[in-house]
Amino acid sequence: MLLQRRGGGNGGGPGGGGGGAGEVAQLDAQIALHYGVPYAASVMGFDPVQRLLAVGTLDGRIKIFGGDNIEGLLISPKSVPYKYLQFIQNQGLLVAVSNENEIQVWNLEFRQLFHFSQWDVNITAFAVIEETFFMYLGDENGLLSVLKYDVDDGKLLKMPYNVTIHSLSEAAGVSLLDTQPIVGILPQPDTLGTRVLIAFERGLLVLWDITEDRAIAVRGYGDLHIKSQVSGAQTDASEHQIDNVDETEEEREICSLCWASRGGSTVAVGYITGDILLWDMTVSSRQGKQTDVSSNVVKLQLASGSRRLPVIVLHWSAGSAKDTTKGGHLFVYGGDDMGSEEVLTVLSLESSNGLESVRCASRGDLRLDGSFADMILIPDTGVPDKIRASALFVLTNPGQLNFYDGSALFSGRKSEEVYAQPEARKFPVAVPTIDPNITVTDLYSLTGTGHPSISLKKFCARQSVAPPISGNMKWPLTGGVPSEMSLKEDHAVERIYVAGYQDGSVRIWDATFPILVPMFVLDAKVSDIILDGANASVSSLAFCSLNLTFAVGTASGLVRMYKLHEHTGDSSFHFVSESKQEVHAVHHGRGFHCHVAFMASNSPVRSLRFAGSGEVLAVGYQNGQVAMFDASQLSMMFCVDCASGTNSPVVSLSIYGVVSSAAEVDQSQKETAKSGKFSTDVLLSLTKDARLTVIDSTSGLVINSHLLDQKQLSAVSMYVIDVASDEEQTQSSGDKSPSQSQTGKEQKDLDQKQAQGAETNQKKASQHSHSGDSNSLLLVCFEDEALLFYLASLIQGSNKHLHKIKLAKHCCWSAIFKNKDDKACGLILAYQTGIIELRSLPDLEILAESSLMHLLRWSYKTGMDKSMSSSNGQIAMVNGSEFSIISLIASENDFRIPESLPCLHDKVLAAAAEAAISISTDQKRKQNPAGVLGGIIKGLKGKADENANLRRSFNAQTHIELLESIFLKESSAEASIPSPDDPIEELTIDDIDIDDDVPLSPPPASSSTSHVNKKTTVEDEREKLFEGSSVADKPRMRSTQEILTKYKFGGDAAAAAAHAKDKLMQRQEKLERISQRTQELQDGAENFASLAQELAKNMENKKWWKL
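Residues numbered from 1 in each chain as written. Predicted model: local features only at pLDDT ≥ 70, side-chain atom pairs only at ≥ 80, totals over all residues. Heavy atoms only, no water.

## Notes on the overall build of the chain
For step 1, the next point in the chain: Each helix and strand in the chain was counted, giving 18 helices and 61 strands.
For step 2, the next point in the chain: Split into buried and exposed, the 1107 residues of the chain put 50% on the buried side.
For step 3, the next point in the chain: Taking all contacts inside the chain whose residues are at least 6 apart in sequence as the whole, residues at least 24 apart take part in 59%.
For step 4, the next point in the chain: Surface accessibility of the chain: about 51,500 Å² in total, with carbon and sulfur atoms responsible for 50%. (Helix = DSSP H or I, 4+ residues; strand = E, 2+ residues; numbered from the N terminus. Buried < 20%, exposed > 50% of the residue type's maximum accessible area, 1.4 Å probe, protein only. Contact = heavy atoms within 4.5 Å. Areas by Shrake-Rupley, 256 points an atom, 1.4 Å probe, with all protein chains shown as cover.)

Below, the structure is given as structure tokens:
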């Protein structure tokens, strides 16, 4: 949001009122579109049904990638890194956990943060249960909690079910000296969340069954031995030998883990020492006890050195579904010797008979472009086997996303010991910014030009918006739905975005809607013609919307011109320079082609400006020269030096039509004989050192040249501003002073009158050249100040400024904002600090300001201003691999947001997927009476009747209902730890029921020994119950404190005393709060009484009809 500044100015700006300032006061900045991978990307998530990829950053942003150039940017209120990012599958919900342990739930359909919750302790593990709204959460205290997102209320609910580390260790039969953080949570495949693998920091692994509240399998360093070791090192990969290792393994910290089998029978665990252990997690015959510990684990070693990198990331992709002996592929980041090259290792593991037969078939190392951030495997579409990957995404810093095709990644032959290096593909971006490198951009509006956009619309409709992926690779991301507005074939092209690149090419997109549609690419080469400097980088752009003429200036001084009319077949190409003119016959294919090129200087082109209807082009160069070309006559009109020998670059050009009186004054000053032939159009040239040169646009005669400010060496831009004349100001405000401001409403009326009196052709031509009267102003922006001049005075030779403001920060870029009547009403300034300001015209008062950091979480970088462009309040900018367009004016919703935004959640696909899952579930239930989870039940150990009851439970309920019924109860392993916010239940004497009469049944006819034993037992229970009371019918009376001590504190008198003290303190605090609240209410009552009395006095003298 742009931040409003109240108070305004003193209204003493030049040229009358702020011409539409009342309109631009209603400001609201929004991100119209955003493309590219964020610079600080760090973590990824994927929805396998919607086919969406989410990328979290270190600055609190989340980027969503889909198909057909559909991308979305979510910005958190806090600039905090994300550590976990997971989708609630097929529901359009994304759960993100920040480093500050804030759990956020984003709704992708509305692109809004629907809920956030702050967790009290550090979250160390997180996992969403597939196809449910439940999620497991592990913290630093070893507590496993369960959360549920309530769709109806839009809130996260903490379920009563939880498992503490102490209860888990007791149930597993493992003794733990102290608490340990949970570092990994993995729901077991094919169990629908009923079994979960819990990994603790110091090596303990527990497979927990929530339906029975018991440990199914327990593994860990402390109580198991390693039988064998599989070598995955590059040096001895050919041997694949299995060596015996030392059985005395100490506890080691777990860094990563993943399932390494189809059914969840094997888990791969990476440790801080660089080792990878493959653990067998099949159900043991005795709970918590291992019958054959030597066959439970196999060590996988990637390097032979003694000091190795920790294994940070582990991921698994299953092999062929037909041949189960192929095992799968294990992706490893880490485990190599310290100091080795940073790579992502792919191991092909095979096993014919359990862990004992595991062998490493091959190893491949994927080289990384930068430092590793994250990786994710994309499963096949439409394949039931979700653990088979079709693509691999690798995220590196800064903001680089590469992907590999799964077929090429896993196509290594068994005879090869090491994979051939697979080809990494860059993430296909909608707007290339780095490869090739973008050098200059521009944003053009085509509204109001009528027929010219028709040809562009027809050409754009034939273009494909699919990512340009080479080869036979299939793009794995297809999520999102484009808006209906952007899919209409009859929509007119209202806005185009143009980018020039270092290789000399130019790309143009349809920017009418928030999805950029590529239209065409203007190649730097000309068919069959070799031009010197044709491949030089593009340094300047210009576009005339009246005749769809496009000009491209390069760093070699070459200027190419294109007519955006499709033409095929034979044509002619013209090359015009200062000394010669050449004509070449060329054959054009489909598309738009260069028809003429101009060369007046070898210096880089810095500025381009069309005049009139687009047939005349003014060119400013790096060495201070200015040239004029006539495209209709295919000739160079003139070339003059405007830098007075200083070689200061030309930063801005403008063509202005002066009135006859001003022309006569200038002509008399220059003593030109042919006064009748003096042109009414002049060319204004501004160089970097603040020198303004006024040139006759026809003959090239220099009318005036002088420095605007002797101290300035850093001019940024200049603009011609048309304001109301003195006579119009007198009629509207009665004040002839040029410094008196008008209201926005009066200026708007004046603008409408002027617009009605103007001719249509003059209106179109004014888009590229200005015509006005003696009241026209020239605004010149420098790095640290802005100056206003009367343009007529400058043409006559006076450089005295009318108004001057100092800028608190260094300005690097500027643009003009116009109202609906094509009148300049606002100035946009961008500073090197990243601040964006909007000032009124012509008084230059600050209306609002914002920052790149606030809007996009961007920091300003050197050279960013070269890729910034603007079109009537929309600013396009580039930062590294990111591209964005922001709209500054809330009322000017040219992008039609939110109607034109693509939807990030496909409801039709979601409904179809749910229907398919429902049908598949019904079919499985018909085929298997045990239900969908029959495979789970087979593995459960217990009595036959318990298994039968459980089968009936699974058949009667869906797995979501079953999970909810379990999570709504506390774990039977141990009572849950009460929350500090829960009310403390106090035990009173009425809460204890004691039966006074104890019925005694007559002893049966049995042996005397049995009767004596039963009598003794009854007497003992009776003594315990009445606690030594002499009267059997009247138990001994006990005080409340005795009852609390015995039943609530287990006989601990110290704990009971501390509890009593705490209750007294709480009572004292409550009394103090009540007293304070009473005083506040009393004060409020007194204030209300005094207000009522004052109101009564004011109303007693008024008549009833005046009320």
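Still more ground to cover, so stick around.
## Section: the sheet that holds strand β45 (residues 635-641)
For step 1, the next point in the chain: In spatial order, the strands read β42-β43-β44-β45; together these 4 strands make up an open sheet with antiparallel pairing. The outermost strands of the open sheet, each flanked by one partner alone, are β42 (605-611) and β45. Across the sheet, the axes of successive neighbouring strands diverge by a mean angle of 15 degrees, strand direction being ignored.
For step 2, the next point in the chain: In this sheet, strand β43 (residues 616-621) lies alongside β42 in antiparallel orientation, the contact comprising 6 bridges. Directly across from Leu608, in β43, lies its bridge partner Val619. (Pairing = 2+ DSSP bridges. Axes fitted to C-alpha atoms, helices over the stretch in contact; angles between N-to-C directions.)

## Description of the pairing of strand β36 (residues 538-544)
For step 1, the next point in the chain: Most of β36 is tucked away: 6 of the 7 residues are buried.
For step 2, the next point in the chain: One ladder, built from 6 bridges, connects β36 with strand β37 (residues 549-554); its direction is antiparallel. Residue pairing in the sheet places Ala542 in a bridge with Ala551 of β37.

## Section: helix α15 (residues 959-967)
Side chains that are three or four residues apart share a direction in an α-helix, a result of its 3.6 residues per turn.
For step 1, the next point in the chain: Every buried residue of α15 is listed here: His959, Leu962, Leu963, Ile966 and Phe967. Taken down its axis, α15 places every buried residue within 125 degrees of arc, on the same side. (Arc of directions from axis to C-beta.)

## Here's the deal with the pattern of salt bridges
For step 1, the next point in the chain: In the structure shown here, the tally under the stated rule is 23 salt bridges.
For step 2, the next point in the chain: Lys563 serves as the salt-bridge partner of Glu615, at 3.9 Å between the closest nitrogen and oxygen. With a gap of 52 residues between them, Glu615 in the loop between β42 and β43 and Lys563 in strand β38 (residues 558-563) connect regions that are remote in the sequence.
For step 3, the next point in the chain: For Glu785, the salt bridge is made with Lys806, and the minimal N-O distance between the two is 3.4 Å. Taken together, the residues span a long stretch of sequence, with Glu785 in strand β53 (residues 785-790) and Lys806 in strand β54 (residues 803-806) at a distance of 21 residues.
For step 4, the next point in the chain: The exposure class assigned to Lys806 is exposed, which follows from its relative accessible area of 60%.
For step 5, the next point in the chain: Connected via shared salt-bridge partners are Arg252, Asp275, Lys299 and Arg308. (Salt bridge = Lys/Arg side-chain N within 4 Å of Asp/Glu carboxyl O.)

## What about the confidence of the model for the chain?
For step 1, the next point in the chain: When the pLDDT values of the chain are averaged, the result is 77; 69% of them are 70 or greater.
For step 2, the next point in the chain: Ignoring residues within four places in sequence, the model shows residues 235-249, a span with pLDDT below 50, making 24 contacts including any to other chains.
For step 3, the next point in the chain: The low-confidence segment residues 991-1015 (pLDDT under 50) makes 14 contacts with residues lying over four places distant or belonging to another chain. (pLDDT = per-residue confidence, 0-100.)

## Comments concerning unusual backbone geometry
For step 1, the next point in the chain: Here Asn397 and Pro398 are connected by a cis peptide whose omega angle stands at 0 degrees.
For step 2, the next point in the chain: Tracing the sequence through the fold places Pro398 in the loop between β29 (389-397) and β30 (400-405).
For step 3, the next point in the chain: With an omega of 0 degrees, the peptide bond between Asp435 and Pro436 qualifies as cis.
For step 4, the next point in the chain: By secondary structure assignment, the location of Pro436 is in the loop between β31 (425-426) and β32 (438-445).
For step 5, the next point in the chain: Of note in the backbone geometry, Glu131 takes a positive phi value of approximately 65 degrees without being a glycine.
For step 6, the next point in the chain: In this structure, Ala690 is a non-glycine residue whose phi angle is positive, near 70 degrees.
For step 7, the next point in the chain: Within the secondary structure, Ala690 is located in the loop between β47 (681-687) and β48 (691-696).

## So, the pairing of β47
For step 1, the next point in the chain: Of all 7 residues making up β47, 6 are buried, and the element is well covered by its neighbours.
For step 2, the next point in the chain: Strand direction decides the pairing type here: strand β46 (residues 650-657) and β47, joined by 7 bridges, are antiparallel. Its bridge partner lying in β47, Tyr656 is registered against Val682.
For step 3, the next point in the chain: Taking the residues that link successive antiparallel strands as the turn, the β47-β48 hairpin has 3 residues, and the phi of Ala690 there is positive, at about 70 degrees.

## As for the packing of aromatic side chains
For step 1, the next point in the chain: The full count for this structure, using the stated rule, is 17 aromatic pairs.
For step 2, the next point in the chain: Aromatic side chains Tyr161 and Phe967 sit 5.7 Å apart centroid to centroid with 55 degrees between the ring planes, which places their arrangement in the tilted category. Remark: Phe967 occurs in helix α15 and Tyr161 occurs in strand β14 (residues 155-163); sequence separation between them is 806 residues. Exposure class is identical for Tyr161 and Phe967. Each is buried.
For step 3, the next point in the chain: For the pair Phe403 and Trp475, a centre-to-centre distance of 5.2 Å together with 80 degrees between the ring planes defines the contact as edge-to-face. On the criterion of sequence distance, the pair formed by Phe403 in strand β30 and Trp475 in the loop between α4 (452-460) and α5 (484-487) is long-range, its members being 72 residues apart. Pair check on accessibility: Phe403 and Trp475 agree, each one buried.
For step 4, the next point in the chain: By the ring-pair criterion, three or more aromatic residues cluster together here, those being Phe65, Phe393, Phe403, Phe427 and Trp475.
For step 5, the next point in the chain: The ring of Tyr501 is capped by Arg507, whose NZ or CZ atom sits 4.8 Å from the centre of that ring.
For step 6, the next point in the chain: Seen from the ring of Tyr831, Lys809 lies directly overhead, with NZ or CZ sitting 4.9 Å from the centre. (Phe/Tyr/Trp six-rings, centres within 6.5 Å; stacked < 30°, edge-to-face > 60°. Lys NZ or Arg CZ within 6 Å of the ring centre and 35° of its normal.)

## Concerning helix α2 (residues 165-172)
For step 1, the next point in the chain: Among all positions of α2, only Ile165, Ser167, Leu168, Ser169 and Ala172 are buried.
For step 2, the next point in the chain: Buried-residue contacts for α2 involve β14, β16 (195-200), β17 (205-209) and β18 (214-219).

## Things to note about the sheet that holds strand β10 (residues 112-118)
For step 1, the next point in the chain: Sheet architecture is open: 4 strands sit in the order β7-β8-β9-β10, paired in antiparallel fashion. Either end of the sheet is taken by a strand with one partner, and the two such strands are β7 (82-88) and β10. Taking each pair of neighbouring strands and ignoring which way they run, the sheet shows an average axis angle of 20 degrees.
For step 2, the next point in the chain: With 6 bridges joining them, strand β9 (residues 102-107) and β10 adopt antiparallel strand pairing. Within β10, the position partnered with Asn107 by the bridge is Gln112.

## A look at the nonpolar core
Here is a general trend for soluble globular proteins: nonpolar side chains tend to be buried in one another's company.
For step 1, the next point in the chain: In terms of nonpolar packing, the biggest core is built from 35 residues, with Ile62, Ile64, Leu94, Val431, Tyr497 and Phe883 touching the most fellow members.
For step 2, the next point in the chain: With near-sequence residues (within four places) excluded, Leu94 lies in contact with Ala54, Ile62, Ile64, Leu85, Gln86, Phe87, Gln104, Val105, Trp106 and Leu108.
For step 3, the next point in the chain: Ranked by size, the runner-up nonpolar core spans 31 residues in total, among them Leu541, Leu548, Leu558 and Phe573. (Core = buried A, V, L, I, M, F, W, Y, C linked by side-chain atoms within 4.5 Å.)

## Thoughts on the environment of Ser79
For step 1, the next point in the chain: Position of Ser79 relative to the elements: it lies in the loop between β6 (71-75) and β7.
For step 2, the next point in the chain: Separated by 775 residues in the primary sequence, Ser79 and His854 have C-alpha atoms spaced 9.8 Å apart.
For step 3, the next point in the chain: When sequence neighbours within four positions are dropped, the list of residues in contact with Ser79 reads Asp59, Gly60 and Arg857.

## Side note on the environment of Leu856
For step 1, the next point in the chain: For Leu856, the position within the fold is in helix α11 (residues 852-856).
For step 2, the next point in the chain: A residue is classified by how much of its surface remains accessible, and Leu856, at 0% relative accessible area, is buried.
For step 3, the next point in the chain: With sequence-adjacent residues up to four places away left out, Leu856 is seen in contact with Ile31, His34, Arg61, Leu73, Ile75, Met877, Ser884 and Ile886.

## Brief notes about the side chain of Arg195
For step 1, the next point in the chain: Within the fold, Arg195 resides in strand β16.
For step 2, the next point in the chain: Here Arg195 falls in the buried class, since its relative accessible area comes to 6%.
For step 3, the next point in the chain: A polar contact is formed between the side chain of Arg195 and the side chain of Asp209, at a distance of 3.2 Å. (Polar contact = N/O pair within 3.5 Å; in protein donor to acceptor, adjacent residues only side chain to side chain.)

## Thoughts on the environment of Glu615
For step 1, the next point in the chain: A relative accessible area of 26% places Glu615 in the partly exposed class.
For step 2, the next point in the chain: Separated by 19 residues in the primary sequence, Glu615 and Leu634 place their C-alpha atoms 9.6 Å from one another.
For step 3, the next point in the chain: A distance of 3.4 Å separates a polar atom in the side chain of Glu615 from a polar atom in the side chain of Asn547.

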